[in-house]
Amino acid sequence: MTEMTYRQALHDTLRAEMLRDDAVVLLGEEIGIFEGSYKITAGMLTEFGDQRVIDTPIAEEGFTGAAVGMAMLGLRPVVEIMTLNFTLLAIDQIVNHGAKIFGMFGGQTSVPMVIRTPGGGGQQLAATHSQNLEVWYAHVPGLKVVAPSNPADAKALLTASIRDDDPVLFLENLSLYNTKGEVPDGEQVGEIGRAAIAREGSDITVISYSRATLIALEVARQFESEGVSVEVVDLRSLRPLDRETVCASVRKTTRAVVLEDDWLTYGVGAEIAATIQEGAFDRLDAPVRRVAAAEVPLPYAKPLENAALPTAQDLTKVVGEVLDATRFTR
Amino acid sequence: MASRTKGKADSGFAPPDLRAEPPATLRDYYRQMTLIRAFELRANEMYRRAKIGGYCHLNLGEEATVVGLMSALEKRDYLFTTYRDHGYALARGLAPGAVMAELFGKSTGVSKGLGGSMHLFDAKARMLGGYGIVGGQIPPATGAAKALTYRGDPGPDAEAVMCLLGDGTTNIGAFHESLNLAAIWHLPIVYVIVNNRLGMGTTVERASAEPELFKRGCSYRMPGERVDGDDPVAVREAARAALTRARTERQPSLLETMSYRLKGHSVVDPATYRSREESQRVRDLDPLPAFRSRLIEAGVLDDDDAKALEEEAEQQVAEAVDFADKSPDPQVKDLFNYAYATDVANASRRLPAEPVFPVADDSTGGAS
């Protein structure tokens, strides 16, 4: 075990996979000479050269689609898109091409590529640079979407994503890059499509992913001092979705709250709530609640940005309300 | 930047001298053109008989272009096409029966019946897809050319990519982004604009500020050339020169072939946007009878030879229809077989009316 930041875990994993397999190539804006907007690719150009670490022009559709074609011919491109917001410029290539080519052509060619991109708000970057649009991609068969919340999972799931033969959207988060955690040494290959019980509990389940999982864990620790045992399910994979782990937890605790950074309507929480009503309805003691972003283009001004994004306080309040509604005695 | 603008009064192109070509080659071009013509006419008929669903775009009128381009492309090269792809599949050597079976949505189709008319694919033939989204093939084709640069050095035997697109496609962003990438990355690729003068019902002049589309390569310092798409030899020569540049210099090119669509955009389009005179003019320019006459004039074929090739094509297409008709439908049990290339936990295999959790367990109240 080594303690390191989420950023370091990503960097070290990319490097290890580059060393392991010559077919792995990186491409994206400013990943080479500039060493990456968030320095995930620091030192890579020097070590691997410009055939393996490819600086691209500002042309998301062009270079993401080029990665699709590179993958079709046997390379394993890892694309960095500077933020999730900019993936919208490449969405035709991701959704209509990357996600379709294996199935639509009868399995004749796979598209082993990874798109790494950070989502998330809270940095005063205003409306166009603060979105959580992962559910757009999680909606699409043919794609896999993972959203690790900690450095160890970042390592294991990035390794799995690079070795996977399907296109994987690997969701990062601006506010996770500097978070630290223990990371197992040596090769770690995670399993896409599996949620984790990030913290065991017996009274209520909080379901979340990516940055929100850290908030959920923080709130769970607070409730422990009040004698409330909160179980935290970290989805880790948004497509496929591990419905069984979610429902098994809720069947045990009988109460569920979803914490998500995306907008509520049609969001990840909507899918989780529907899953719970189908998979744990008769064990549920209260309606599933969702703590999600306010439905506005995110404002720049700090007080408004704070108000619009889900916080630990918001989750604490909603967990308390669900406990009270079910006459849970603290 | 060279444009062949002199010569033949009608199209403005000087036709190459057919006497310089081996007669067997020319005869084979005519054979392929008649096969594509017969196939497309029969596809049209099969669509009307509801054997073919969805969209169905035909290469009628573009046979010379198709055969010229595919003659220039070597087996080792890769092809990305538009959704108007039947002729290219045939000329690339895909079995007519397997192509027709794909149109019929049968499991014996080139894409196992999962793609249909717009999405013909054959990994072995290095035909890496017809693409239904306008211009969707351009970035992947560009990336495929990038991948080739990892395989070996430039040279006469190097592999290259040919990426086809329509005239309307030159206005999308992906076209420009891709040409720019190909130029700065020095990729072995030839982009071919198959200009049939109409994007659905919109003329090139109404859609494109620079209607001489091959000139759009100038922005990327890319050689551009316009050729007579009604002449397979002229098309082949231009394509071959561009492919040679791609192989030996990794210099991408933009080729523009000029032809006409004989019919509407797709099978269901009556092309009412064309005047009666324009429709007649297009019919008069039909490259098939024109090439036939030239071959007879040049002494390559006589009328009987031509008829024999036409009958042979009819026979092949009849067999293709028969094969497609008798082929089995894909099985519903195989619906999820190609959802993912790498198996993954918790992948959905649910049909519309099935529950998310198929097995109810009374003791735990639902999922298992």
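Every value quoted in this text rests on a predicted model; they were computed, and no experiment measured them.

Overview of the domain arrangement of chain A
It is common to give the size of an interface as the accessible area that goes away when the parts come together.
All names here are of chain A.
Thinking step 1. Domain boundaries in chain A define domain 1 (2–183) and domain 2 (196–325).
Thinking step 2. Using only C-alpha atoms to locate each centre, domain 1 and domain 2 end up separated by 26 Å.
Thinking step 3. The interface is formed by 33 residues belonging to domain 1 together with 25 residues belonging to domain 2.
Thinking step 4. Summed over both partners, the interface of domain 1 with domain 2 comes to about 2,200 Å²; 57% of that surface belongs to carbon and sulfur atoms.
Thinking step 5. For the pair domain 1 and domain 2, the number of links is one salt bridge.

As for the environment of Leu241(A)
Thinking step 1. With respect to the element layout, Leu241(A) can be found in the loop between strand 12 (237–239) and helix 9 (243–253).
Thinking step 2. Among the residues examined, Leu241(A) registers a relative accessible area of 12% and is labelled buried.
Thinking step 3. Counting along the chain gives 56 residues from Leu241(A) to Pro297(A), while the straight-line C-alpha distance between them is 27 Å.
Thinking step 4. Non-local contacts of Leu241(A), meaning those with residues more than four positions away in its chain, are made with Leu235(A), Glu271(A), Ile272(A), Thr275(A) and Asn346(B).

Here we look at the packing of aromatic side chains
Residues and elements named next belong to chain B.
Thinking step 1. All told, the structure shown has six aromatic pairs over all chains when counted by the stated rule.
Thinking step 2. An angle of 20 degrees between the planes, with centres 6.1 Å apart, marks the rings of Phe80 and Tyr131 as stacked. Linking Phe80 in strand 2 (residues 78–81) with Tyr131 in the loop between strand 3 (127–130) and helix 5 (138–148), this pair joins segments that are 51 residues apart in sequence. In this structure, Phe80 and Tyr131 share a single accessibility class: buried.

Looking at the interface of chain A and chain B
Thinking step 1. Residue-level contacts link 60 residues of chain A with 54 residues of chain B.
Thinking step 2. Summed over both partners, the interface of chain A with chain B comes to about 4,200 Å²; 63% of that surface belongs to carbon and sulfur atoms.
Thinking step 3. Inspection of the region where chain A meets chain B yields zero salt bridges.
Thinking step 4. At the junction of chain A with chain B, the criterion picks out 17 residue pairs in polar contact (both at pLDDT 80 or more).

A closer look at helix 3 (residues 60–72) of chain A
Residues and elements named next belong to chain A.
Thinking step 1. Across its 13 residues, helix 3 extends 18 Å between first and last C-alpha, which sits within 8% of the 18 Å expected from 1.5 Å per residue.
Thinking step 2. Most of helix 3 is tucked away, with 13 of its 13 residues classed as buried.
Thinking step 3. Count one or two residues on from helix 3 and you reach Gly74, which has phi positive near 105 degrees.

Observations regarding unusual backbone geometry
Thinking step 1. Residues Arg239(A) and Pro240(A) are joined by a peptide bond in cis, for which omega reads -5 degrees.
Thinking step 2. Summarising the element assignment, Pro240(A) is placed in the loop between strand 12 and helix 9.
Thinking step 3. Positive phi outside glycine occurs at Arg327(A), with the angle close to 55 degrees.
Thinking step 4. Locating Arg327(A) in the fold gives a position in the segment after helix 12 (312–325).
Thinking step 5. Arg327(A) sits in the exposed class, given a relative accessible area of 74%.
Thinking step 6. Phi is positive for Asn346(B), which is not a glycine, with a value near 65 degrees.
Thinking step 7. Along the chain, Asn346(B) turns up in the segment after helix 11 (303–326).

Definitions and limits used
- Every chain begins its residue count from 1, and numbering advances along the sequence as written.
- Written order decides the labels, with chains lettered from A and ligands numbered from 1.
- Given that this is a predicted model, residues contribute local features only at a pLDDT of at least 70 and side-chain atom pairs are listed and counted only at 80 or more, while totals for whole chains, interfaces and linings are drawn from all residues.
- The side-chain quantities take in all heavy atoms of the structure and omit both hydrogens and water.
- Here the bounds of each domain stem from an automatic or database domain assignment.
- Should any heavy atoms of two residues lie within 4.5 Å, those residues are counted as being in contact.
- Buried area adds together the accessible area that both of two parts lose upon being put together, with accessible area traced by a 1.4 Å probe.
- Should a side-chain nitrogen of Lys or Arg be within 4 Å of a carboxyl oxygen of Asp or Glu, the pair is scored as a salt bridge.
- Only runs of H or I of at least four residues qualify as helices and only runs of E of at least two qualify as strands under DSSP, and these elements are numbered from the N terminus.
- Summary of the burial criterion: residues with accessible area below 20% of their type's maximum are buried, those above 50% are exposed, and those between are partly exposed, where the area comes from a 1.4 Å probe applied to protein chains only.
- In this scheme Phe, Tyr and Trp rings, the latter by its six-membered ring, pair at centre separations within 6.5 Å, and the angle between planes marks the pair as stacked below 30 degrees, edge-to-face above 60, and tilted otherwise.
- Polar contacts here mean pairs of N or O atoms no more than 3.5 Å apart (in protein, one a potential hydrogen donor and the other a potential acceptor; neighbouring residues in sequence count only if both atoms are side-chain atoms).
- One fewer than the residue count of a helix, multiplied by 1.5 Å, yields its expected span.

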